[in-house]
Amino acid sequence: MNEVVLYSLGEALPVCAVCNKPVDKVESMYHPNYMGKLFRVYCHGKTEEQMLSDYDVCSSLQITFDLAFHRPLGGNNI
Ligand SMILES: [Zn+2]
């Protein structure tokens, strides 16, 4: 499987839902154990991690970031 470039550092950053501005930094790394990529978002002194599996990548033509830190803590997920 070819490596899919999902995110290029220096381009548009995901927007932090808390600060309402682009996050400070995004890192991505391939995790063979999970058969996918781990994205780590840095903002307001916190980090958020999101896994993106190879299956997700293969089944999507394009993957874009929307909001980071948008998941409610202990709230109801839809
Ligand atoms: Zn923030």
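Refer to the structure above for everything that follows.
Each chain carries its own residue numbering, running from 1 in the written order of its sequence. Totals for whole chains, interfaces and linings use all residues, but because this is a predicted model, local features are given only for residues with pLDDT of at least 70 and pairs of side-chain atoms are given and counted only at 80 or more. Side-chain calculation: all heavy atoms of the structure are included, whereas hydrogens and water are not.

**Student:** Explain the nonpolar core to me, using residue names and the numbers behind them.
**Tutor:** Here, nonpolar core means buried Ala, Val, Leu, Ile, Met, Phe, Trp, Tyr and Cys residues that are tied together by side-chain atoms lying within 4.5 Å of each other. To sort residues, take the accessible area from a 1.4 Å probe on protein chains only and compare it with the maximum for the residue type: under 20% means buried, over 50% means exposed, and anything in between is partly exposed. Counting nine residues, the largest nonpolar core consists of Cys-16, Val-23, Val-26, Phe-39, Val-41, Cys-43, Leu-52, Ala-68 and Phe-69. Only DSSP runs of H or I with at least four residues qualify as helices, and only runs of E with at least two residues qualify as strands; both kinds are numbered from the N terminus onward. When residues in this core are grouped by element, the largest group, three residues, is from strand E4 (residues 36-43). Not counting the four nearest positions on each side in its chain, Val-23 is found in contact with Leu-13, Pro-14, Val-15, Cys-16, Val-41, Tyr-42, Cys-43, Ala-68 and Phe-69. Whether two residues are in contact is decided by their heavy atoms, any of which lying within 4.5 Å being enough.

**Student:** Tell me what's going on with the environment of Cys-43, and back it up with residues and numbers.
**Tutor:** Its place among the elements puts Cys-43 in strand E4. Along the primary structure Cys-43 and Val-26 are separated by 17 residues, whereas in three dimensions their C-alpha atoms are 9.1 Å apart. Excluding its chain neighbours within four sequence positions, the residues that come into contact with Cys-43 are Cys-16, Cys-19, Lys-21, Val-23, Asp-24 and Phe-69.

**Student:** Summarise the sheet that holds E4; cite the residues concerned and give the values.
**Tutor:** Spatially, E3-E4-E5 is the arrangement adopted by the three strands of the open sheet, whose pairing is antiparallel. Whereas interior strands pair on both sides, the edge strands pair on one side only; in this sheet they are strand E3 (25-31) and strand E5 (46-53). Ignoring which end each strand starts from, the neighbouring axes of this sheet average 20° apart. A pair of strands counts as paired when DSSP detects no fewer than two bridges linking them. Alignment of E4 against E5, held across eight bridges, turns out to be antiparallel. Across the sheet, the residue bridging to Lys-37 is Leu-52, located in E5. Note on method: axes are straight lines fitted to C-alpha atoms, helices fitted across the in-contact stretch only, with angles between N-to-C directions ranging 0 to 180 degrees.

**Student:** Hey, could you go over the coordination of the zinc ion for me, with residue numbers and the actual values?
**Tutor:** Any N, O or S atom lying within 2.8 Å of the metal counts as a donor, and for Na, K and Ca the limit rises to 3.2 Å; water is left out, so some sites can look incomplete. Around the zinc ion, the protein contributes the donor atoms Cys-16 (SG), Cys-19 (SG), Cys-43 (SG) and His-44 (ND1), which lie 1.9 to 2.3 Å from the metal centre. Every geometry call rests on angle ranges, with four donors termed tetrahedral when all angles are between 85 and 135 degrees, four termed square planar and six termed octahedral when opposite donors are over 155 degrees apart and all others are between 65 and 115, and everything else termed irregular. One can describe the site at the zinc ion as tetrahedral: its four donor atoms subtend angles covering 106 to 114° at the metal. Donor residues binding the zinc ion come from one chain and are separated in sequence as C-x2-C-x23-C-H. Taken together, the residues Cys-16 in strand E1 (residues 15-16) and Cys-43 in strand E4 connect sequence positions 27 residues apart. Pair check on accessibility: Cys-16 and Cys-43 agree, each one buried.

**Student:** Describe the pairing of E3, naming the residues involved and giving the relevant values.
**Tutor:** As defined by bridge partners, E3 adjoins E4 across seven bridges and the pair is classed as antiparallel. Residue pairing across strands places Met-29 opposite Leu-38, the latter belonging to E4.

**Student:** A description of unusual backbone geometry should follow, citing residues and the corresponding values.
**Tutor:** Positive phi values are uncommon outside glycine, yet Asn-20 reaches one of about 60°. Within the secondary structure, Asn-20 sits in the loop between E1 and strand E2 (21-22). A positive phi is found at His-44, a non-glycine position, where the angle reads about 35°. Position of His-44 relative to the elements: it lies in the loop between E4 and E5.

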